[in-house]
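Residue strings, one per chain:
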Amino acid sequence: SVLTVACEQTEVLLFDPISSKHIKTLSEAHEDCVNNIRFLDNRLFATCSDDTTIALWDLRKLNTKVCTLHGHTSWVKNIEYDTNTRLLVTSGFDGNVIIWDTNRCTEDGCPHKKFFHTRFLMRMRLTPDCSKMLISTSSGYLLILHDLDLNKSLEVGSYPILRARRTTSSSDITSSSGSSGPRTVGSPCHQNDSGPLSDKHLSRPSQREGGSPRNSLEVLTPEVPGERDRGNCITSLQLHPKGWATLLRCSSNTDDQEWTCVYEFQEGAPVRPVSPRCSLRLTHCIEEANVGRGYIKELCFSPDGRMISSPHGFGIRLLGFDAHCSELVDCLPKEASPLQEIRSLYSHNDVVLTTKFSPTHCQIASGCLSGRVSLYQPKF
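Below, the structure is looked at part by part. Keep in mind that what you see is a predicted model, and the values were worked out from it rather than measured.

## Some words on the pairing of strand β21 (residues 258-265)
And step 1. Of all the 8 residues making up β21, 8 are buried; the element is thus mostly covered by neighbouring parts of the structure.
And step 2. For strand β20 (residues 245-252) and β21, the ladder comprises 7 bridges, and the chain directions are antiparallel. The partner of Leu 247 across the bridge, within β21, is Val 262.
And step 3. Linkage of β20 to β21, two consecutive antiparallel strands, is achieved through a turn of 5 residues, within which Asp 255 is found at a positive phi near 65°.
And step 4. Bridge analysis of β21 against strand β22 (residues 280-287) gives 7 bridges, and the strand direction is antiparallel. Bridge pairing in β22 places Glu 264 opposite Arg 281.

## Description of the sheet that holds strand β4 (residues 34-39)
And step 1. Taken together, 4 strands build an open sheet; the order of strands is β4-β5-β6-β7 and the sheet is antiparallel. Sheet topology places β4 and β7 (67-70) at the edges, where each strand pairs with a single neighbour. When strand polarity is set aside, the average angle formed by the axes of neighbouring strands in this sheet is 20°.
And step 2. In terms of strand pairing, strand β5 (residues 44-49) meets strand β6 (residues 53-58) through 5 bridges, oriented antiparallel. From the neighbouring strand, Thr 47 faces β6, where its bridge partner is Ala 55.

## Focus on the nonpolar core
A general tendency of soluble globular proteins is for nonpolar side chains to be buried together.
And step 1. Membership of the largest hydrophobic core comes to 19 residues, with the highest contact counts inside it found for Val 89, Val 97, Phe 115, Phe 116, Met 133, Ile 135 and Leu 150.
And step 2. Among the elements of the structure, β9 (87-92), β10 (96-100), β11 (112-117), β12 (121-126), β13 (133-137), β14 (142-146) and β18 (216-221) are those that each provide at least two residues to this core.
And step 3. Those residues in contact with Ile 135 that lie beyond four places of it in its chain are Val 97, Phe 116, Thr 118, Leu 121, Arg 123, Met 124, Tyr 141, Leu 142, Leu 143 and Leu 237.
And step 4. Counting 17 residues, the second largest nonpolar core, distinct from the first, contains Leu 134, Leu 220, Leu 237 and Tyr 263.

## Examining unusual backbone geometry
Note: most peptide bonds trans; most residues except glycine with negative phi.
And step 1. The residue Phe 120 is not glycine, and still its phi comes out positive at about 60°.
And step 2. Its place among the elements puts Phe 120 in the loop between β11 and β12.

## Structural notes on the pattern of salt bridges
And step 1. This structure, assessed with the given rule, holds 15 salt bridges.
And step 2. Salt-bridge contacts for Arg 249 lead to Glu 258; the nearest nitrogen and oxygen are separated by 3.4 Å.
And step 3. With a relative accessible area of 1%, Arg 249 lands in the buried category.
And step 4. We classify Glu 258 as buried; its relative accessible area is 4%.
And step 5. Linking Arg 281 and Glu 264 is a salt bridge whose minimum nitrogen-to-oxygen distance equals 3.2 Å. Taken together, the residues span a long stretch of sequence, with Arg 281 in strand β22 and Glu 264 in strand β21 at a distance of 17 residues.
And step 6. Look at the salt bridges and you will find they share partners, linking Arg 249, Glu 258, Glu 288, Lys 297, Arg 317 and Glu 341 into a network.

Rules and cut-offs
Residues numbered from 1 in each chain as written. Predicted model: local features only at pLDDT ≥ 70, side-chain atom pairs only at ≥ 80, totals over all residues. Heavy atoms only, no water. Buried < 20%, exposed > 50% of the residue type's maximum accessible area, 1.4 Å probe, protein only. Helix = DSSP H or I, 4+ residues; strand = E, 2+ residues; numbered from the N terminus. Pairing = 2+ DSSP bridges. Axes fitted to C-alpha atoms, helices over the stretch in contact; angles between N-to-C directions. Core = buried A, V, L, I, M, F, W, Y, C linked by side-chain atoms within 4.5 Å. Contact = heavy atoms within 4.5 Å. Salt bridge = Lys/Arg side-chain N within 4 Å of Asp/Glu carboxyl O.

This is the structure in structure tokens:
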């Protein structure tokens, strides 16, 4: 019932998505850029910021924050919420994933603990059933924590490693990831030739005999079309609403190519207990306009998972797995196929950075670099 908008200059805007009426502006929601907003229920929502904090808000009383959460040491970029444990999960450019117990919040904050740490962390997501955590990095790796247990803290070296591998070859995580220096994507995302974990941890044998233990870590280098061994940065990460697939926006380290890619989750035990598993398979992809280089473009699935809304230049493209917007499971190709463009919508005068489907209305929102928000509603 409310559209919330995170803004660069410390603000959060609230709109009525049906009438497009502006409801309220939280002019000093944070002391720096607001990056992400997540509703915990029908009234409580959380915001995170480059000021390293997370704030909790109540729609019934927006004049003051419920509380401010301190724990990160760098820009906070993602907020997730585990509906099973009712724990808030955040990640930032300090490389930390932190768990917050919002049931025990006070005006001074709430209990929290560091759950996981990796270098070059960009985005973190939970699958819809909260059974897995996916983490993307600016050095092109995708980390998957299987059989997720948020009640266990993961110190480096204390969790089982599933052998790292590329999704289409036997390359391991020690392969070169490409870039020779930092780049700017709205905010710094550092490149490095080394992977997110040290070799001594990767040299441990796979512990899949007898089934994966809780919080088993898998490290993958997703195949990206047109990559040409130059490495890539995974800037945006989304999950299919039914947990069937992950949606990535990738850009080459040289910033001259940008791709939207869909990867199917492949579940089940491997053929041999000691063999490296490969949980992702590239099913669909499409090259993007590569306009607004250096800025992160956030894309999304529709609530039913049949369509993808993707920033494309000064507008958005609606993409399907086929021309009929079929379910992913009904049109899985043997080899990676191009996503089908269903419709293009252009109403901005600047580069579109984010787009989102409404979970309840037949409506799409998009936001551009200059701050304009557009709402689209199909006509039947």
